[in-house]
Amino acid sequence: MRADENAPSREAGSFVALRRRMVQVQLAAQGIYDERVLAAMLRVPRERFVPADLQAYAYQDQPLPIGYGQTISQPYTVAFMLQQLRLGGNERVLEIGTGSGYGAAVLSRLAAEVYSVERIVELGTAAQERLYQAGYRNARVVLGDGSLGLAEFAPYDAIVVTAGAKVLPLPLANQLAEGGRMVIPIGPTLTEQHLFRFTKCDDSLDSEDLGAFAFVPLIGEFG
Ligand code: SAM
């Protein structure tokens, strides 16, 4: 049950209006067409995943700092990446880079099981608590180096990596199920990253270049 998403508060009405506007103006009007992604982002209270002093900016068309040199991605980027996973609702999904937990919250509305790995203990712990408090019981945060994937629950029907790798991390490729999709930014430097979708077919990976994006670096053994 997503118990607390609609908890009443003095600001709730204005945040709902801002969220609706974000979905219309920043997502649907900019080419996000997956109705399930749009519906999920209409429900998840982004203001609860940003630092308290930045809540007023939660629905602006930009990434925001969440501490420890990290960011919560721009709403369009979140929607674009999740749309590329082509989720129907029954999947087991791995997210690398929990950050604030916002992406995991949206994913928990799009898939059956969500595992999210974060290397910064303080961020991962706070995100797990936030997800629990908001009632997202099918999303679990694991602390560690996500470039190694999460072998314990593999294989995954979908993997999304929210930090830029220099090359495709081999453990992630190995943990993708047959027919599974992985969306990951890859590039030699932060200014040269492109987002790729890999689809596993007959044990090999088909790749598609989805265009230029900029992410914080994936730091780890296979980063
Ligand atoms: N999905 C996040 C959200 O909704 O807030 C945004 C994530 S932020 C753009 C990227 C995150 O990846 C950061 O929190 C960073 O600490 C994390 N990260 C970087 N390298 C990592 C690694 N090897 N394993 C796990 N997390 C990593």
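Numbers given to residues run from 1 along each chain, matching the order in which its sequence is written. Only residues with pLDDT of 70 or above have their local features reported here, since the model is predicted, and side-chain atom pairs are shown and tallied only from 80 upward, although totals for entire chains, interfaces and linings are computed over all residues. Only hydrogens and water are set aside when side-chain values are computed; all heavy atoms of the structure are taken into account.

Q: How do you make sense of the environment of Ser108 when you look at a structure like this?
A: Secondary structure elements follow DSSP: runs of H or I of four or more residues count as helices, runs of E of two or more count as strands, with numbering from the N terminus. Along the chain, the position of Ser108 falls in helix α4 (residues 102-108). Between the alpha carbons of Ser108 and Arg92 there is a distance of 9.9 Å; along the sequence they are 16 residues apart.

Q: So what exactly am I meant to see when it comes to helix α2 (residues 35-43) here?
A: Every α-helix winds through 3.6 residues per turn, so residues three or four apart in the chain are directed the same way. Of the positions making up α2, those classed as buried are Val37, Leu38, Ala40 and Met41. Along the axis of α2, the buried positions cluster into a sector of 165 degrees, meaning they face one direction only. Here a polar contact means two N or O atoms within 3.5 Å. Within protein one must be a hydrogen donor candidate and the other an acceptor candidate, and residues neighboring in sequence count only if both atoms are side-chain atoms. The N-cap of α2, judged by a side-chain oxygen 2.9 Å from the amide nitrogen of Arg36 a few residues on, is Asp34. Exposure is judged per residue with a 1.4 Å probe applied to protein chains only, and the accessible area is read against the type maximum: over 50% gives exposed, under 20% gives buried, and values in between give partly exposed. The directions from the helix axis to the C-beta atoms form the arc being described.

Q: I keep staring at the pattern of salt bridges and nothing clicks. Help me out?
A: Side chains that differ in charge, positive against negative, can pair when their charged atoms come close. Each reported salt bridge corresponds to a side-chain nitrogen of Lys or Arg within 4 Å of a carboxyl oxygen of Asp or Glu. Following the criterion strictly, the structure yields three salt bridges and no others. One salt bridge in this structure joins Arg92 and Glu113, with 3.2 Å as the shortest N-O distance. Remark: Glu113 occurs in strand β4 (residues 113-118) and Arg92 occurs in strand β3 (residues 92-96); sequence separation between them is 21 residues. Judged by its relative accessible area of 25%, Arg92 is partly exposed. On the basis of relative accessibility, which here comes to 27%, the residue Glu113 falls in the partly exposed class. In this structure, Arg197 engages Glu208 in a salt bridge whose closest nitrogen and oxygen atoms are separated by 2.9 Å. Note that Arg197 is positioned in strand β8 (residues 194-201) and Glu208 in strand β9 (residues 204-212), a separation of 11 residues in sequence. A residue is classified by how much of its surface remains accessible, and Arg197, at 3% relative accessible area, is buried.

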